[in-house]
Amino acid sequence: MIPFSPPYIDNSIIEAVTETLNSGWITTGPKTKEFEHKIAKFCNISHVLAVNSWTAGAELLLHWFGIQPGDEIIIPAYTYCATANIIIHCGATPVMVDVTEDFCIDIEAVKKAITSKTKAIIPVDIGGLPVNYSALNKVIYENRDIFQPNNEKQQKLGKILLLSDAAHSFGGLIDNAYVGAFADFTVFSFHAVKNLTTAEGGAICINLPEPFDNSEVYKELNIWSLHGQTKDALAKTQKGAWEYDVITSGYKCNMTDILASIGLVELKRYKSEILIRRKQIVEKYNTILRNYEWALLPTTIDLYRESSYHLYLLRIKGCTILQRNEIIKKVFDKDVSVNVHYKPLPELTFYKNLGYKMNDFPVSKKLWESEISLPVYFSLTDEQISIIANAIIESYNETIMQ
Ligand SMILES: *Cc1c(COP(=O)(O)O)cnc(C)c1O
């Protein structure tokens, strides 16, 4: 069986983790701080806070920004549930909009969805393809007079917050600059199946405009990620420095040095090995599948942006959901794992019960019903790529031609 997304664990990772385990310091400490600095350098921004997941980090930001019941946050209907769940946790309302053919949030739909209650927009770089951040920033700027701040931070920002769900797009590019510097906050996921992993983990790129001081915001969020405690565990080990205070009822989502040491190894080889191989894999799929008019290839590169090649979102032209499911079944019978990214939110029981309807998002519906994700990971061989592509072609023929 060719797996869908196995982790790439080699001796260098095992050695790095062992070194941390032997170091006498396993929770947040020097490795985490080094990881934060290196991610910040990669993204060309000044401050990054490492956290224990995308979900915890993004939710922390919504609480920090004072999101509360009555507030609206615009998200695409086509995303993983985490994007919406964190809004529900704050008691606020996810306002879903449709996507365009490239799976990215529909900017025209965003414009129409903005109201005086809109406090944030969370676009999603699906599959690693960056959304059009400059268009989103422009829409937010044009609507700055509609924005109604509820607290000091919102007043200081003076506009709708742009919080990027970049769970897939670490290493994605816009005009040759890496994702991380295009939104007020950009949050990455380092979950086991993501491009760069720490097993579980995430990072917040802090990039607020003036008059915010991003180093102050870093310090504040760091405290918020540790119960609102003014000193972390490492600081308290300093001689005589036991005393601390708690200044807010904070959360608990710090990254550990064990996980950061995995991330440091991954980051070192990310640009020079991982991204290059992922791009080759996608190009090889394209070369084979391009010959079939029913195979709609994913957008991974265009005039101004390039994907991080996280997912290969293949679509089967004109197929019904039943045919798509049948193709997937036949592919698995050929010992190849594939996946579907994603069941849009209105298809999920919880969101359906809240009244969201799939028919309100026709593009998302169409994309989802015909979508099959093919494996993309560093250790996938050229031979396996051919086997996977052939399994798709044969399964299509068996399903559609019969
Ligand atoms: C994986 C994922 C998340 C959640 O990431 P965690 O680190 O597992 O919390 C959020 N959004 C999208 C689009 C994802 O794919």
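Along each chain, numbering runs from 1 in the same order as the chain's sequence is written. Where totals are concerned, whole chains, interfaces and linings use all residues; where local detail is concerned, this predicted model gives features only for residues with pLDDT of at least 70, and gives and counts side-chain atom pairs only at 80 or more. By convention in this description, side-chain values take in all heavy atoms of the structure and omit both hydrogens and water.

(A) Representation of the nonpolar core. Among buried residues, the Ala, Val, Leu, Ile, Met, Phe, Trp, Tyr and Cys ones that are joined through side-chain atoms within 4.5 Å form a nonpolar core. Only protein chains enter the area calculation, which uses a 1.4 Å probe; residues under 20% of their type maximum are buried, those over 50% are exposed, and those in between are partly exposed. The biggest cluster of nonpolar side chains holds 95 residues, and the ones touching the most others in it are Phe185 and Phe188. Taken domain by domain, this core gets at least three of its residues from each of domain 1 (11-267) and domain 2 (270-400). By size, the runner-up hydrophobic cluster in this structure holds 30 residues, among which are Ile316, Val338, Leu380 and Ile385. What fixes the domain bounds is an automatic or database domain assignment.

(B) Molecular detail of the domain arrangement of the protein chain. According to the domain assignment, the protein chain consists of domain 1 (11-267) and domain 2 (270-400). Each of domain 1 and domain 2 has a C-alpha centre, and these two points are 27 Å apart. Contacts: residue pairs with any heavy atoms within 4.5 Å of one another. Of the residues lining the interface, 44 residues belong to domain 1; the matching set on domain 2 comes to 36 residues. Counting the surface lost from both domain 1 and domain 2, the interface buries some 3300 Å², and carbon and sulfur atoms represent 59% of this. Counted as salt bridges are all cases of a side-chain nitrogen of Lys or Arg within 4 Å of a carboxyl oxygen of Asp or Glu. Viewed at the interface, domain 2 and domain 1 are joined by 3 salt bridges. In this structure, the salt-bridge partner of Arg315 is Glu101, at a minimum N-O distance of 3.7 Å. Whenever two N or O atoms come within 3.5 Å, that pair is a polar contact, provided that in protein one can donate a hydrogen and the other can accept it, and provided that, for residues adjacent in sequence, both atoms are side-chain atoms. Joining domain 1 to domain 2, the criterion identifies 25 residue pairs in polar contact (both at pLDDT 80 or more). A helix here means a DSSP run of H or I that spans at least four residues, while a strand means a run of E at least two residues long, and both kinds are numbered starting from the N terminus. Sorting elements by how many residues they give to the side of domain 1 that touches domain 2 places strand β3 (residues 93-97) first, with 4 residues. Among the residues forming the side of domain 1 that touches domain 2, the class breakdown is 26 nonpolar, 12 polar and 6 charged. A quick way to say it: buried area is the sum, across both parts, of accessible area lost when two parts are put together, with a 1.4 Å probe. Classes in brief: Ala, Val, Leu, Ile, Met, Phe, Trp, Tyr, Cys and Pro nonpolar; Asp, Glu, Lys and Arg charged; the others, Gly included, polar.

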